[in-house]
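Next come the chains, spelled out residue by residue.
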Amino acid sequence: MSAEEPLIRVVRGVPTAEELAALVGAIVVRSRPATAPTPTTTSAWARSGRPASFRGWRAAGLPR
């Protein structure tokens, strides 16, 4: 690809400046790498108040 060739070429139709800008914006957004959301970590203080049982808080008070 040379420096004179356009990156995007309209093959059919005559887009307005707004339509062409929307197309370029959509391509730019899609070309960015998607970042994974950072997992939220629970603090040790919050974990200490939770029962260790997988059966839930009601089963935490029952005898084993």
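This structure is a prediction, so every number in the text was calculated from the model and none was measured.

(A) Expanded view of the overall build of the protein. Counting secondary structure elements, the protein contains 3 helices and 0 strands. Of all 64 residues assigned to the protein, the portion counted as buried reaches 3%. Only carbon and sulfur atoms are counted for the fraction: they give 61% of the accessible area of the protein, which is about 6600 Å².

(B) Broad picture of a nonpolar patch on the surface. A contiguous nonpolar patch, built from Leu-7, Ile-8, Val-10, Leu-20, Leu-23, Val-24, Ile-27 and Val-28 and spanning about 650 Å² of accessible area, is present on the exposed surface. Classification of Ile-8 by relative accessible area gives partly exposed; the value is 37%.

(C) Up close: the confidence of the model for the protein. Scored by pLDDT, the protein comes out at a mean of 78, with 77% of its residues at no less than 70. For the protein, per-element mean pLDDT is lowest for helix α3 (residues 57-60), which scores 65, and highest for helix α1 (residues 17-31), which scores 89.

The rules we used
Residues numbered from 1 in each chain as written. Predicted model: local features only at pLDDT ≥ 70, side-chain atom pairs only at ≥ 80, totals over all residues. Heavy atoms only, no water. Helix = DSSP H or I, 4+ residues; strand = E, 2+ residues; numbered from the N terminus. Buried < 20%, exposed > 50% of the residue type's maximum accessible area, 1.4 Å probe, protein only. Areas by Shrake-Rupley, 256 points an atom, 1.4 Å probe, with all protein chains shown as cover. Patch = residues over 30% accessible without salt bridge, like charges linked within 9 Å, V, L, I, M, F, W, Y side chains within 5 Å. Salt bridge = Lys/Arg side-chain N within 4 Å of Asp/Glu carboxyl O. pLDDT = per-residue confidence, 0-100.

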